[in-house]
Amino acid sequence: MYRENYINALRLEMVEMVRDGLSPVALKYGYSDVALESTIKWRPLVLVVGNYSSGKSTLINEFLGGDVQAVGQAPTDDSFTIITYDDAAAEQDTVRVTEKRDGKYLLNDPDYPFEILKKHGQRFASHFRLKKVNSPFLRNLAVIDTPGMLDSITERDRGYNYQDVIGDLAQLADLVLVLFDPHKAGTVREAHTSLRETISARTFEDRVLFVLNRIDECSSLSDLLQVYGTLCWNLSQITGRKDIPAIHLTYSSRAAGKSDNSRPGSHDFLYHLQNQRKKLRESVLDAPRRRLDNLASFIETHSERLDQFLEALLTHRKRTQKFQLKLTLIGAVLSLFLSGAAAYGAVIFGLAGAMTDPWAMVLAVAAFGAGLAFWIYGPMRIMMKAFQRRWRKKTDSIISLDTQTRKDNWQSVGPLVFRYLQKTSGRYPVKTLKNEYAQVHEIYTEGSREVRKALNELANMAPDQAVFDNISRPIEDEDFSGDKSADDASDPDQLSPPPQDRPAASEK
């Protein structure tokens, strides 16, 4: 019970830290269009992407234990489908869809973390939907099925920007499965763009799993090895990494059982790869465990980027004030010369008997005021605008980017700094900004450290899977005692002990 309370308190503390310390600043300065905490309240998400007919829907049906998604050799589904557990559904043997909702409902319901996707427009909303399913597999997570990637990569072909949607979903997800099949071990153009640019920029490498699906369609072990080698080579070219990422091997036993190509003795090699299927399934079910660590990473990432964002605004504002003060002093000096000249002229032309005469003093003061006003609303304003334009062109020089981390963060916040400076023309209150910067900096330096310390303490506690399952429920839900462990659910892939006359499956 202590551990359960500890986890619940830690979750609430992290969400409150984001809600109270980061979201107000992020919304005020245009760092984010929606409250940051809105994306971290819901249950863990597993995003499934891949080429068309790579078996995404088939694999999801395998996990769920029922025919929830339509399958086929050709592209069969052009929608982004959120598949989640129906808490109100009665326990039944048959896995089925109990409720469906359209995209407008999903995008506007604050209980779901998809408000960030509203920017993609109505065409996207018509290809976005929710399915509630009574599968025990979904008790502690939700799965996102996506349209298959094609050779066409233009927004015009789909009616919305596919890559932007994939990027936003990858940022929300706790785990991303990238699927390939033996027939397209080389990737299509959208897959290349997604892996090389979109997913790599919006999530962390440790959240991405590469999966070679439908391996039961390989005629022999030799055929599988050739496909595997081809995929390894293509992934090394796409990702730009010399080290080959781990690739999980799997297939759907339900689909294989319905296939006419399934012949006794023709796929003996699959027996030795059952551990791969089990490992992949466990990785997906492990998504709730990743949530706490991902929340900590979320706080670290956004507090660091916001810290750098506000540092840039504060530095630029101080530089602007310094330049403005310099120009004001120059204007004051020039106005003093002008006032002296006016007083001297009054004496020369006989308007005053001496420089100290009242008329001479009045003319001097008037000349000083007129000269300073002309300077401020004329040349000084022109020079200030030129100053702002010059710095907007070189925002990369506003603050020091002396480390690779700061350079990486600047790629995300630099355009936002430029947009805010353009919007405000460099004029915003310094005092308020200083207080907000101090608040965010404290979260970045102290708050993140305390969160990691708390997670380390949690790691040293006795493991309790049932407790970990509770972290998948929405943050508003106070009752954490009703969930059952996902690992207790019946597993259709559970292996029976291997026969005595053949070796047990070994870890690959």
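For clarity, every value in this text was computed on a predicted model and none was experimentally measured.

Undergrad: What is the right way to look at a nonpolar patch on the surface in this model?
TA: Residues Y344, I348, F349, L351 and L363 make up a contiguous nonpolar surface patch of roughly 590 Å² in combined accessible area. Residue position: I348 is located in helix α11 (residues 287-348).

Undergrad: Got a minute to help me understand the nonpolar core in this structure?
TA: Grouped together as the largest cluster of nonpolar side chains are 52 residues, with contacts concentrated most on F80, F114, F128, V176 and L212. Those residues within four positions of F80 in sequence are excluded, and the remaining contacts are F124, H127, F128, R129, D145, T146, P147, Y160, Y162, V165, I166 and L169. The next biggest cluster of nonpolar side chains, apart from the first, holds 44 residues, and it includes M14, F387, I399 and V417.

Undergrad: Looking at this model, I keep getting lost on the layout of surface pockets. Mind explaining?
TA: Over the atoms a probe the size of a water molecule is rolled, and this reveals where empty space is left. Considering only enclosed or pocket space, the largest pocket measures out at about 1,300 Å³ in volume. If you go around the largest pocket, you meet 39 residues; those closest to its centre are Y31, Q171, R202, H302 and R305. Residue assignment for the lining of the largest pocket shows that the elements contributing at least two residues are α6 (162-172), α7 (189-202), α11 and α14 (404-424). Sort the elements by how many residues they give to the lining of the largest pocket and α11 lands first, with eight residues. When the residues that make up the lining of the largest pocket are grouped by side-chain class, the tally is 14 nonpolar, 12 polar and 13 charged.

Undergrad: Just to check I follow, could you spell out the packing of α11 against α14 for this structure?
TA: How two helices sit against one another is set out by the angle between their axes and by the gap between those axes. Closest axis-to-axis distance for the α11/α14 pair is 9 Å, and the angle between their directions is 50°. With respect to their mutual orientation, α11 and α14 come out oblique. In this structure, the crossing between α11 and α14 has a hand that is right-handed. Listed contacts from α14 to E304, R305, Q308, F309, E311, A312, L313 and H316 of α11 are T405, R406, N409, W410, S412, V413, L416, V417, Y420 and L421.

Rules used throughout
- Residues numbered from 1 in each chain as written.
- Predicted model: local features only at pLDDT ≥ 70, side-chain atom pairs only at ≥ 80, totals over all residues.
- Heavy atoms only, no water.
- Patch = residues over 30% accessible without salt bridge, like charges linked within 9 Å, V, L, I, M, F, W, Y side chains within 5 Å.
- Areas by Shrake-Rupley, 256 points an atom, 1.4 Å probe, with all protein chains shown as cover.
- Salt bridge = Lys/Arg side-chain N within 4 Å of Asp/Glu carboxyl O.
- Helix = DSSP H or I, 4+ residues; strand = E, 2+ residues; numbered from the N terminus.
- Core = buried A, V, L, I, M, F, W, Y, C linked by side-chain atoms within 4.5 Å.
- Buried < 20%, exposed > 50% of the residue type's maximum accessible area, 1.4 Å probe, protein only.
- Contact = heavy atoms within 4.5 Å.
- 1 Å grid on protein atoms, 1.4 Å probe; cavity = no way out; pocket = protein on both sides within 12 Å on 5 of 7 lines; lining within 4 Å.
- Points joined across faces, edges and corners; volume = space filled by probe spheres on them.
- Nonpolar A, V, L, I, M, F, W, Y, C, P; charged D, E, K, R; others polar.
- Axes fitted to C-alpha atoms, helices over the stretch in contact; angles between N-to-C directions.
- Parallel < 35°, antiparallel > 145°, perpendicular 65-115°, else oblique.
- Left-handed = near helix turned anticlockwise from the far one by under 90°.

Honestly, that's just the spatial picture; any functional story needs more than this.
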